Structure formats: structure tokens, C-alpha cells
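Examining the three-dimensional arrangement
The lines below spell out each chain.
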Amino acid sequence: EAWNETSGTAMFTYAMIVGIKNGWLNAEEYAPVARKGWLGLVSYMNKDDEVENVCEGTNIKNDKNHYMNRKRITGDLHAHAPLLWCATELVSMAQKAKERPRRGTSQGDLSARLDYEPGSVLSELAVPLAETVMARYPDYRTAYWKDYTYVQGYMFEAMDRLGQLTGNDKYT
């Protein structure tokens, strides 16, 4: 039987948040699902600000058991990066919701919020998670077996977004 895996959940949750934010997905239908995904993900954060239940790399194999029997790991960038993507999008949505007028036309759905106050997600989750990743991997090029993989790209994107939201250059 499959176990609850966090990196895939984080990527799907991020996709829903962005879809809601841009009006591509119906907010009434998808916001509760995205919120459930977000709340589920943060429940897998341990006391050291690491994401648990991350599937080890799967590579490619045409065998269901190969995928079902992958190890559960903690603190892997496969989950940290998309969780940071989610956090930065939630903060961005909350900030924009407070800034924009409630009348007239706008891009996306004005109700596309997940009820987070600006800064709360950032201070309670995103910054500690980023600090944990930075402590564990001071040089992303050494995080995996190659000088650059898509996972480092995930992290570069997540940290860049965090740097833009916080105004702190250490994340960019």
C-alpha cells in the first residue's frame, strides 16, 4: 500500500495555489483542496524544520513495486523546495489581497485566498525552512551527485522567491 509522500503533494498543492491565484482554477472548488494539501504538508514538518516522508529518488523503471517500495527520507530538497514555493505564493496572495481594491476588474479571482495573514506563513514556516536548507546545504552544488540537477533548480527558484518577498539578499 502507498504511504503519504510529501514532495508530490507539495508540487500538486503549489500547482493548485497558482491556478487559484491566476483564475485558472475555480477558487470555490479548489481552495479547500489546496488548503487541505497545505495543512497536511505542514503537519510533516519536524521540530528541526525538516520535511518528513519524502520519497527517495525513483529513477525510471517499469515496475509498480519499484515505486511502492521506495524509502522514506527526511529533509530532502525534493519536498523543501515545493513547500517553499507554496509558502511564498500564499504570502504573495495574502499581500496582494490586502493591497488591491475590491472594485473593478482584476486578474484572477478576488476570492482566491487561503486565509493567511501576510507574513504569518513567511515567519512561521518559510524562513525557518529556508534556514534549515541553507544550514544543511551551504552550497547547493554539493547537495546531489552532479553539479546541477533539477532539484537544485527547484531550490534556486524557491530561494529567489523568498528573497523577493523578504527583501533579504541572502536568499537570492
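Described in the following lines is the structure provided in the data block. (Residues numbered from 1 in each chain as written. Predicted model: local features only at pLDDT ≥ 70, side-chain atom pairs only at ≥ 80, totals over all residues. Heavy atoms only, no water.)

1. Re the environment of Ala81
Our working definition: A run of H or I in DSSP counts as a helix once it spans at least four residues, and a run of E counts as a strand once it spans at least two, with each numbered from the N terminus.
By the secondary structure assignment, Ala81 is in helix H4 (residues 77-99). Between the C-alpha atom of Ala81 and that of Gly153, which follows or precedes it by 72 residues, the distance is 9.0 Å.

2. As for the side chain of Glu5
Inclusion rule: Burial classification: accessible surface area is computed with a 1.4 Å probe over protein chains only, and a residue below 20% of its type maximum counts as buried, one above 50% as exposed, and the rest as partly exposed. Here Asp and Glu are counted as negative and Lys and Arg as positive; His is not counted, and neither are the chain ends. Salt bridges are defined as contacts in which a side-chain nitrogen from Lys or Arg sits within 4 Å of a carboxyl oxygen from Asp or Glu. We define a polar contact as two N or O atoms separated by no more than 3.5 Å, with the added condition that, inside protein, one atom must be a possible hydrogen donor and the other a possible acceptor, whereas residues neighbouring each other in sequence contribute only through side-chain atom pairs.
Within the element layout of this structure, Glu5 appears in the segment before helix H1 (6-21). For the buried Glu5, which has no salt bridge, the nearest side chain bearing the opposite charge is Arg72, at an N-O separation of 9.6 Å. Of the polar contacts made by the side chain of Glu5, one reaches the side chain of Ser7; its length is 2.6 Å.

3. Here's the deal with the packing of aromatic side chains
Cut-off, in case you're wondering: In summary, the pairing rule links any two rings of Phe, Tyr or Trp, Trp by its six-membered ring, whose centres are within 6.5 Å, and it sorts them by plane angle into stacked for under 30 degrees, edge-to-face for over 60 and tilted for everything else.
Summed over the entire model, instances satisfying the criterion amount to 1 aromatic pair. Ring centres of Tyr14 and Trp85 lie 5.0 Å apart, and the angle between their planes is 55°; this geometry places the pair in the tilted category. With Tyr14 in helix H1 and Trp85 in helix H4, this residue pair connects regions lying 71 residues apart in the sequence. Summarising the burial analysis for this pair, Tyr14 and Trp85 share the class buried.

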